[in-house]
Amino acid sequence: MEMPDIRRRQTRPVKVGGVWIGGGRPVTVQSMTNTRTADADATVAQIEALAAAGADLVRVAVPTRRDTAALKRIIARSPVPVIADVHFHFDRALEAIDAGAAKIRLNPGNLSDRQQVWKVIAAAAAAGVAIRVGVNEGSVVERADPERRRRDLSRPLHELMIEKLAEYLEIFAAANFEDLVLSAKSHDAFTTVAVNRLMAKRWNFPLHLGVTHAGTPETGAVRSAAALGALLCDGIGDTIRISYAGDPVHEVRAAVDLLCSLRLRERKGIDLIACPTCGRLQTDITPIVEQVRRDLADVTAPVTVAIMGCVVNGPGEADGADVAVCAGKDKAILYRRGEKVRAVAAEEIARAVVDEVRKLVRETE
Ligand code: SF4
């Protein structure tokens, strides 16, 4: 039975360079470089790698004047719009807007002086630059006033985050500035879902989804997929970032995979279905799966490949796959779109699958 597509929440559309966020446009993927932004060559190289992996937008940190000084050169060479990530120094936001940043990420809570926020809003409005306004769970509980701190700690975090965001948004409403993307980040999947559901009910600005401090893929993959997947299934979320420590290309691949899994983005390349293995397995298929994945990494046509370890589920998966292989003892049966092609020896399985996929791609080009 065909599942109905996810119904996206309608929001105000916000233009970020040549990319739209919200307004029913496809959910965009963004990531953040971890090079020193002042090193323009290294930063551009990483932006190019992120864009090639599927990022629609890339954010760069601009903690120093040297970083914003490099921004113009980076933006001129970037294949995707560049967002400047600003904390504490409103001067960096003004310099980034001047350099041509397509969007500024700003947590007004990090700027002590309201006048500074006004200045950034005025500059962004004049340049047609969007602003992402965010709260992080770490900044919503009162630190200075012990009485208020006790009260805050007794309340659900997502409610505090909404209150803080509402407070920030008053500043933007007073300035009549509406090119906003909102975010509320927590390390906790449950809080992330709860706060974004409340935001979606209350405001019609597009939402940036992400789980913060997710750590490595080992600690953060399930948390991020749980939170973002639940929200996206509800039609909530207009731009996403899965953030992991390490090479950010991995986070872009994970975010793209999440969107493809929910049919929010068309899959390009190989969709690999592999048997999880069990006691019925008669041929070790794990290295075969790995080799097929590696050897077909350059394929951009959407092709479903199933590699199954026995006859229990193999023929069924073969029916739904473009190319499939069902392994038995010392040999396997190769299928194309449910039809048997031939039997292949165990040591030939990976090569046979790769050849059959390439043949199929050639024939359908
Ligand atoms: Fe086990 Fe066969 Fe299923 Fe693989 S396809 S998990 S070997 S039953």
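Here the structure is shown first, and the text comes after it.
A few points on the structure. Every chain is numbered independently, its residues counted from 1 as its sequence is written. Under the rules for a predicted model, residues below a pLDDT of 70 receive no local features and side-chain atom pairs below 80 are neither given nor counted, while totals for whole chains, interfaces and linings still include all residues. Hydrogens and water molecules were not included; the side-chain quantities draw on all heavy atoms of the structure.

### What to know about the sheet that holds strand E12 (residues 303–308)
The following threshold applies: The criterion for strand pairing is that DSSP finds at least two bridges linking the strands in question. Numbering goes from the N terminus for both helices and strands, where a helix is a DSSP run of H or I of at least four residues and a strand is a run of E of at least two. Axis definition: a line fitted to C-alpha atoms, limited for helices to the stretch in contact. Angles are taken between N-to-C directions and run from 0 to 180 degrees. Contacts are assigned to residue pairs that have any heavy atoms within 4.5 Å of one another.
Spatially, the 5 strands line up as an open sheet ordered E11-E12-E13-E14-E15, and their pairing is mixed. Since the sheet does not close on itself, it has two edges, and those belong to strand E11 (270–274) and strand E15 (339–345), each with one partner. Averaged over all pairs of adjacent strands, the angle between strand axes in this sheet comes to 15 degrees, irrespective of strand direction. For E12 and strand E13 (residues 323–327), the ladder comprises 4 bridges, and the chain directions are parallel. Bridge assignment links Ala306 to a residue of E13, and that residue is Ala324. Along the sheet, helix H10 (residues 286–295) contacts E11 and E12; its crossing angle with E11, the most-contacted strand, is approximately 180 degrees. Its contacts with the sheet place helix H12 (residues 349–364) against E11, E12, E13, strand E14 (331–336) and E15, and it is angled at close to 10 degrees to E14.

### Digging into the site of the ligand
Stated formally: Near residues are defined by distance, with any heavy atom within 4 Å of the molecule or strand qualifying the residue. For this classification, the nonpolar set comprises Ala, Val, Leu, Ile, Met, Phe, Trp, Tyr, Cys and Pro, the charged set comprises Asp, Glu, Lys and Arg, and every other residue, Gly included, is treated as polar.
Within the structure, the ligand sits among Cys275, Pro276, Thr277, Cys278, Arg280, Leu281, Met308, Gly309, Cys310, Val312 and Asn313. Class assignment of the residues belonging to the shell around the ligand gives a composition of 7 nonpolar, 3 polar and 1 charged.

### Examining H12
Selection criterion: Here the expected span of a helix is defined as 1.5 Å times the quantity of residues minus one. Only protein chains enter the accessibility calculation, which uses a 1.4 Å probe. A residue is then buried if its area is under 20% of the maximum for its type, exposed if over 50%, and partly exposed in between.
Its 16 residues place the ends of H12 23 Å apart at the C-alpha level, agreeing with the 22 Å of an ideal helix rising 1.5 Å per residue. Every buried residue belonging to H12 is among Ile349, Ala350, Ala352, Val353, Val354, Glu356, Val357, Leu360 and Val361, and all of these are buried. Taken together, the buried residues of H12 touch E11, H10, E12, E13, E14 and E15.

### Describing the packing of helix H4 (residues 114–127) against helix H6 (residues 157–174)
For clarity, the cut-off: The labels follow the angle: roughly parallel below 35 degrees, roughly antiparallel above 145, roughly perpendicular from 65 to 115, and oblique for the rest. Put simply, a crossing is left-handed when the front helix is turned counterclockwise from the back one by less than a right angle, and right-handed when it is turned clockwise.
Where H4 contacts H6, the axes come no closer than 10 Å and their chain directions differ by 50 degrees. Taken as axis vectors, H4 and H6 run oblique relative to one another. Between H4 and H6 lies a crossing whose hand is right-handed. Listed contacts from H6 to Arg114, Val117, Trp118 and Ile121 of H4 are Ile171, Phe172 and Ala174. Its residues assigned to classes, the contact of H4 with H6 comprises 6 nonpolar, no polar and 1 charged.

### A few points about the packing of helix H7 (residues 189–202) against helix H8 (residues 217–233)
Look at H7 against H8: their axes get within 8 Å of each other, and the N-to-C directions meet at 20 degrees. Taken together, H7 and H8 sit at an angle that is classed as roughly parallel. Crossing handedness for the pair H7 and H8: right-handed. Taken together, the residues of H8 that come into contact with H7 (itself represented by Ala189, Thr192, Val193, Asn196 and Arg197) are Arg223, Ala227, Ala230 and Leu231.

### Observations regarding the nonpolar core
Which entries qualify depends on this criterion: For this analysis, a nonpolar core means a set of buried residues of the types Ala, Val, Leu, Ile, Met, Phe, Trp, Tyr and Cys, connected via side-chain atoms within 4.5 Å.
Of all hydrophobic cores here, the largest spans 76 residues; its most connected members are Ile104, Ile131, Leu182 and Ile240. Ranked by the residues each element gives to this core, the list is headed by H6, at 9 residues. Residues within four places of Ile104 in sequence aside, it is in contact with Ile83, Ala84, Val86, Ala93, Ala96, Ile97, Val129, Ala130, Ile131 and Arg132. Core analysis: the second largest hydrophobic core is formed by 31 residues, Ala327, Ala352, Val353 and Val357 among them.

### With respect to the packing of aromatic side chains
Two aromatic rings, taken as a pair, are described by how far apart their centres are and by the angle between their planes. Selection criterion: For Phe, Tyr and Trp, rings pair up if their centres lie within 6.5 Å, where Trp contributes its six-membered ring, and each pair is then called stacked (planes under 30 degrees apart), edge-to-face (over 60) or tilted (otherwise). Consider the ring centre and the ring normal. A charge sits over the ring if Lys NZ or Arg CZ is within 6 Å of that centre and within 35 degrees of that normal.
By the definition in use, this model includes 1 aromatic pair. Centre to centre, the rings of Phe172 and Phe177 are 6.1 Å apart; their planes meet at 55 degrees, and the pair counts as tilted. For the pair Phe172 and Phe177, one class covers both residues: buried. Looking at Arg25, its charged tip hangs above the ring of Trp20, at a distance of 4.6 Å from the centre.

The quantities given are spatial measurements derived from coordinates; they are silent on function.
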